[in-house]
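# Tertiary structure, described
Chain residues, written in single-letter form:
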Amino acid sequence: MPKKIAALTMIRNEEEIIESFVRYNMNFIDAIYFIYDNACTDNTLNILQLLKDEGYNIFFRNEGPVTFAEYILRNKYLCEIAAEDKYDFVMPLDADEFISCRDGSDPRIELEKLPENMVTYIPWRTFVLRHEDDKNEKFIPRKLTYYRDEKYMKCFKTVIPVHLFYSNKVYLNAGSHEVNAEGIIGKKYTDNLMYAHFPVVSEEQFEAKVCISLCNQINHKRQHSSDGNVQLRMYENWKNRKT
């Protein structure tokens, strides 16, 4: 019997990428649950509603003002969706991640191979914005085609089978790159299945993301947040290159 697979996606201002994200990834999974808060102020929600009206199997949860770490919310909603008993897997999938295969084959075939007795680690292939990219291309996987050599940055995202949330009390860490669990659980690293990762799709989007990240640091008093510090260094490098 085919697996039932849903994704859980935390969103804020994603209007440049969200349509590509839904139209692409919904070819391979059965549903997407979007979690948003009051900081989502651009056209993202309107785009998602139009896509839902087209018939895409997507759902929304409004968390209101968020005052604690996103990974806490992610675990909360993963458990809630798992409790619906509709899915074999609920994948934490960011709005800049596109399910892909290294050899160009159908990702759904690889998703059907996900083991149900261990945590799967799926690697990123990070695509990089360049000046020669076609700024008029709206479909992100066609717009950005140059990717970073993975030997310089090896990063994985985890996928947990639904039943492990309960049997081993497995929970995601920040960024969904690792898990915590009661007892020892198996790990599987995929060879072919990967996430095409598009963290920056335009200069305007990048600058907005950095500003939001830094504001979150101040609001949550997380001056030592590694994520925010990385964003700050990236912004300083970007600013110096442009001047």
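Before any of the text, the structure's been laid out above.
The present account deals with the structure reproduced in this document. If you're wondering where the values come from, they're calculated on a predicted model, not measured in any experiment. (Residues numbered from 1 in each chain as written. Predicted model: local features only at pLDDT ≥ 70, side-chain atom pairs only at ≥ 80, totals over all residues. Heavy atoms only, no water.)

## Considerations on the overall build of the protein
Let me state the cut-off plainly: Only runs of H or I of at least four residues qualify as helices and only runs of E of at least two qualify as strands under DSSP, and these elements are numbered from the N terminus. Exposure classes here rest on a 1.4 Å probe applied to the protein chains alone. A residue is buried below 20% of its type maximum, exposed above 50%, and partly exposed in between. Note on contacts: a residue pair qualifies if any of its non-hydrogen atoms lie within 4.5 Å across the two residues. Only the protein chains shown count as cover for residues, and the accessible areas themselves come from Shrake-Rupley with a 1.4 Å probe.
A tally of regular secondary structure across the protein gives eight helices and eleven strands. Taking all 243 residues of the protein together, 47% fall into the buried category. For the protein, long-range pairs separated by at least 24 residues make up 76% of all intrachain contacts whose partners lie at least 6 apart in sequence. A total of about 12,700 Å² of accessible surface is found on the protein, and carbon and sulfur atoms cover 52% of it.

## Section: the nonpolar core
This is how it is decided: Among buried residues, those of type Ala, Val, Leu, Ile, Met, Phe, Trp, Tyr and Cys that are joined through side-chain atoms within 4.5 Å constitute a nonpolar core.
Core analysis: the biggest nonpolar cluster contains 40 residues, and Ile29, Phe34, Met91, Leu111 and Phe198 have the highest contact counts within it. Mapped onto this core, the elements with two or more residues apiece are strand E1 (5–11), helix H1 (18–25), strand E2 (31–36), helix H2 (44–54), strand E4 (89–92), strand E5 (97–101), strand E6 (118–126) and strand E11 (193–197). Counting residues in hydrophobic clusters, the runner-up holds 24 residues, among them Leu73, Tyr77, Leu78 and Val119.

## Comments concerning the environment of Ile47
For Ile47, the location among the structural elements is in helix H2. Ile47 sits 29 residues away from Ile18 along the chain, and the two C-alpha atoms are 7.7 Å apart.

## Let's talk about the environment of Thr41
Here Thr41 shows up in the loop between E2 and H2. Judged by relative accessible area, Thr41 falls into the exposed class, the value being 62%. Here the alpha-carbon distance between Thr41 and Arg12, two residues 29 residues apart in the chain, equals 7.4 Å.

## Brief notes about the sheet that holds E1
Formally: Only strands that DSSP links by at least two bridges are regarded as paired with each other. Axis definition: a line fitted to C-alpha atoms, over the contacting stretch in the case of helices. Angles run 0 to 180 degrees between N-to-C directions.
Spatially, the four strands line up as an open sheet ordered E3-E2-E1-E4, and their pairing is parallel. Each having just a single partner strand, strand E3 (58–62) and E4 make up the two edges of the open sheet. Taken pair by pair, the neighbouring strands of this sheet meet at an average axis angle of 25 degrees, ignoring direction. The sheet contact formed by E2 and E3 spans five bridges and is parallel. Note on E3: the bridge partner recorded for Ile35 is Arg61. Across the sheet, H1 is in contact with E1, E2 and E3; its angle to E2 comes to roughly 155 degrees.

## Overview of the packing of H1 against H2
For clarity, the threshold we go by: Angle categories are assigned with fixed cut-offs, so that under 35 degrees is roughly parallel, over 145 is roughly antiparallel, 65 to 115 is roughly perpendicular, and the rest are oblique. Handedness of a crossing follows from how the near helix is turned relative to the far one, being left-handed for an anticlockwise turn of less than a right angle and right-handed for a clockwise one. Under the scheme applied, nonpolar residues are Ala, Val, Leu, Ile, Met, Phe, Trp, Tyr, Cys and Pro; charged residues are Asp, Glu, Lys and Arg; polar residues are all the others, including Gly.
Contact geometry for H1 and H2: axes closest at 9 Å, N-to-C directions at 30 degrees. Classified by the interaxial angle, the pair formed by H1 and H2 is roughly parallel. Like other packed secondary-structure pairs, H1 and H2 cross with a definite hand, here right-handed. For the pair H1 and H2, contact is made by Ile18, Glu19, Val22 and Arg23 and by Thr44, Ile47, Leu48, Leu51 and Glu54, respectively. Its residues assigned to classes, the contact of H1 with H2 comprises five nonpolar, one polar and three charged.

## A few points about the side chain of Gln205
With respect to the secondary-structure elements, Gln205 resides in helix H7 (residues 203–220). For Gln205, a relative accessible area of 9% translates into the label buried. Filtering out sequence-adjacent residues up to four positions away, Gln205 remains in contact with Glu16, Pro199 and Val200.

## What to know about H1
Among the eight residues that make up H1, six are buried, leaving the element largely enclosed by the rest of the structure. Restricting attention to buried positions, one finds in H1 the residues Ile18, Ser20, Phe21, Val22, Tyr24 and Asn25. The inward-facing, buried residues of H1 contact E1, E2, H2, E3, E5 and helix H5 (140–143).

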